[in-house]
Amino acid sequence: MEAMDALRFGVVGCGGRGVSVATLMTQLPSVRLVAVCDVDEGRARQASEQLKVPAFTRLEEMLGQTEMDALYIATSVEHHFSVARRAILDGKHILLEKMMTTSAAEAWELVRLAEVRGVCGAISYQLRFYPSFQKWWELAQEMQPMVIVSSRHPGIMPPNYLRPEPFAGVTDFLTHDLDLVLWVAGREPETVFATETRNAVTPTNAIDTLCVTLHFDSEMTGLVYGSMAGWGLPSTHLVIGRKGNVRISGSAVEVNRIVQKADGNYERVAETVTTEAVRGDTTDRLLEHFCAWVQGQREAFPLATLEDGFRVMLVHEAIWESCRTNQPVPTEAVRQRLHEMPSPS
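Residues numbered from 1 in each chain as written. Predicted model: local features only at pLDDT ≥ 70, side-chain atom pairs only at ≥ 80, totals over all residues. Heavy atoms only, no water.

Peer 1: Before we go on, may I ask you to explain the overall build of the protein in this structure?
Peer 2: Secondary structure summary: the protein contains ten helices and 16 strands in total. Against the 2.2 N^0.38 benchmark of 20 Å for 345 residues, the protein shows a C-alpha radius of gyration of 21 Å, consistent with a compact globule. Projecting the C-alpha coordinates of the protein onto the three principal axes gives extents of approximately 75 × 50 × 40 Å. A buried classification covers 52% of the 345 residues belonging to the protein. Residue pairs at least 24 apart in sequence account for 67% of intrachain contacts in the protein once pairs closer than 6 positions are excluded. (Helix = DSSP H or I, 4+ residues; strand = E, 2+ residues; numbered from the N terminus. Rg over C-alpha atoms; globule rule 2.2 N^0.38 Å. Buried < 20%, exposed > 50% of the residue type's maximum accessible area, 1.4 Å probe, protein only. Contact = heavy atoms within 4.5 Å.)

So, in structure tokens, the structure goes:
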């Protein structure tokens, strides 16, 4: 295998997450940070001084004046689509912070445009890169899933998330869990039913509690739920399948296999699989994998590609409709509306 070149990255969005990832890029041999961009001149200048790279306040100027291969987009979600679209049109690969966009329609356009322009794109769902989650996914396939549960509780979210938009509040946190359930299931659900509460925890009209049921077919269901009021409760990631069950416990994965004995009776065979304990998050692993994928040295898996991100947005769209109507929403109906849209140029 040929040695991999360092992928030249520009970073758009110099808030906390953007600067954190940009700093990480300076420490990885597979990445070369070449520029940063933020509409706030002060933030852009501060990031430039800290990271020793040129700063821009206009995306067009950064693209026009800097040689780069890819963009990492860490703006507020409302700007993800416009920045990603411009980057794709310029032939740049893109790595988007979650959520992918503010609508399934925007996500679908990015998927189609990236395909037309021949660029790679992924979403920063970094839970997929924890060894415990990767082992959980692997063992879940062996169990032949019937019920997939992913639940986390963020506590009171930062002020910039305490807004009434459907993509803010606890939704922004639980988008990771939706991705995990779809990742294990390997497909999107047939129908989605969701309930939400607002103003129960903070007087901000933000979504503070969200409960989602994903109906894949008559034999498989997914559950995603979380609440700011669940502050301090443990996370839950488990799969119940035809052949047993599996759940994450810290950095270990606990497995209970159902085994039929020679006399026809059944027994439970328990096992605990220890995985590598990771301090902090796994964005470094995600970045390195993205760079290798773009250069054809690895498959995309376990990256969440733009197509994976679109499927999550399709479910988000169904969740928002279900919360408005208090009815189950077929994902095919949401998808059909998108197929009626004109192709991007």
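Peer 1: Which parts of the structure should I look at to understand the sheet that holds strand β13 (residues 252-260)?
Peer 2: Within a sheet, adjacent strands bond to each other through the backbone by hydrogen bonds, running parallel or antiparallel. Taking strand neighbours across the sheet as the criterion, the nine strands line up as β14-β13-β12-β11-β7-β10-β9-β8-β16 in an open arrangement whose pairing is mixed. Two strands bound the open sheet, and with one partner strand each, they are β14 (266-274) and β16 (329-330). Direction of pairing for strand β12 (residues 244-249) relative to β13: antiparallel, over a ladder of six bridges. Along β13, the bridge assignment pairs Val246 with Val255. (Pairing = 2+ DSSP bridges.)

Peer 1: It is not clear to me how unusual backbone geometry should be interpreted in this structure. Could you clarify?
Peer 2: Only a minority of non-glycine residues have a phi that is not negative, and only a minority of peptide bonds are not trans. Cis geometry is found at the peptide bond from Lys98 to Met99, where omega equals -15°. Tracing the backbone through its elements, the reader meets Met99 in the loop between β5 (93-96) and α5 (104-117). Cis geometry marks the peptide bond from Phe301 to Pro302; its omega dihedral reads 5°. Non-glycine residue Asn199 carries a positive phi angle of around 65°. When you line up the elements, Asn199 lands in the loop between β8 (191-198) and β9 (207-217). Phi at Asn205 takes a positive value of approximately 65°, unusual for a residue other than glycine.

Peer 1: Looking at this model, I keep getting lost on the packing of helix α1 (residues 16-25) against helix α8 (residues 283-294). Mind explaining?
Peer 2: To characterise two packed helices, one gives the angle between the axes of the helices and the distance between these axes. As a packed pair, α1 and α8 sit with axes 10 Å apart at the nearest point and diverge in direction by 65°. For the pair α1 and α8, the crossing hand works out as right-handed. Listed contacts from α8 to Arg17, Val21, Leu24 and Met25 of α1 are Thr283, Asp284 and Leu287. Looking at the contact of α1 with α8 residue by residue, the class counts come to four nonpolar, one polar and two charged. (Axes fitted to C-alpha atoms, helices over the stretch in contact; angles between N-to-C directions. Left-handed = near helix turned anticlockwise from the far one by under 90°. Nonpolar A, V, L, I, M, F, W, Y, C, P; charged D, E, K, R; others polar.)

Peer 1: I'm lost on the side chain of Glu188 in this one. Help?
Peer 2: Secondary-structure assignment places Glu188 in the loop between α7 (170-185) and β8. Polar side-chain contacts of Glu188 include one of 2.5 Å to the side chain of Arg335. With sequence-adjacent residues up to four places away left out, Glu188 is seen in contact with Phe216, Arg311, Leu314, Thr331 and Arg335. (Polar contact = N/O pair within 3.5 Å; in protein donor to acceptor, adjacent residues only side chain to side chain.)

Peer 1: Where do I start with the sheet that holds strand β3 (residues 55-56) in this structure?
Peer 2: Strands sit in the order β3-β2-β1-β4-β5-β6-β15 across an open sheet of seven strands; the sheet is mixed. A strand with exactly one partner marks an edge of an open sheet, and here the two such strands are β3 and β15 (304-305). Relative to strand β4 (residues 70-73), strand β1 (residues 7-12) is paired through four bridges, and the arrangement is parallel. By the bridge assignment, Val11 is partnered in β4 with Tyr72. Sitting on the sheet, helix α2 (residues 41-51) touches β2 (31-37) and β3, and the angle it makes with β2 is about 155°.

Peer 1: I would appreciate a short explanation of the pattern of salt bridges in the present structure.
Peer 2: Pairs can form between side chains of opposite charge whenever their charged atoms are close. In total, this model carries 27 salt bridges according to the counting rule given. As a salt-bridge pair, Asp308 and Arg128 come within 3.9 Å of each other at their nearest N and O atoms. Highlighted residues: Asp308 in helix α9 (residues 306-325) and Arg128 in the loop between β6 (121-123) and α6 (131-143), separated in sequence by 180 residues. For the pair Asp308 and Arg128, a shared accessibility class is recorded, and that class is buried. By sharing partners, the salt bridges in this structure join Glu60, Arg86, Asp90 and Lys92 into a single network. (Salt bridge = Lys/Arg side-chain N within 4 Å of Asp/Glu carboxyl O.)

Peer 1: How should the side chain of His153 be read in this particular structure?
Peer 2: Mapped onto the elements of the fold, His153 is located in the loop between β7 (145-151) and α7. The exposure class assigned to His153 is buried, which follows from its relative accessible area of 16%. Polar contacts involving the side chain of His153 include one to the side chain of Ser151, which spans 3.4 Å. Those residues in contact with His153 that sit more than four places away from it in its chain are Phe173, Tyr225, Gly226, Ser227, Gly230, Trp231, Leu233 and Pro234.

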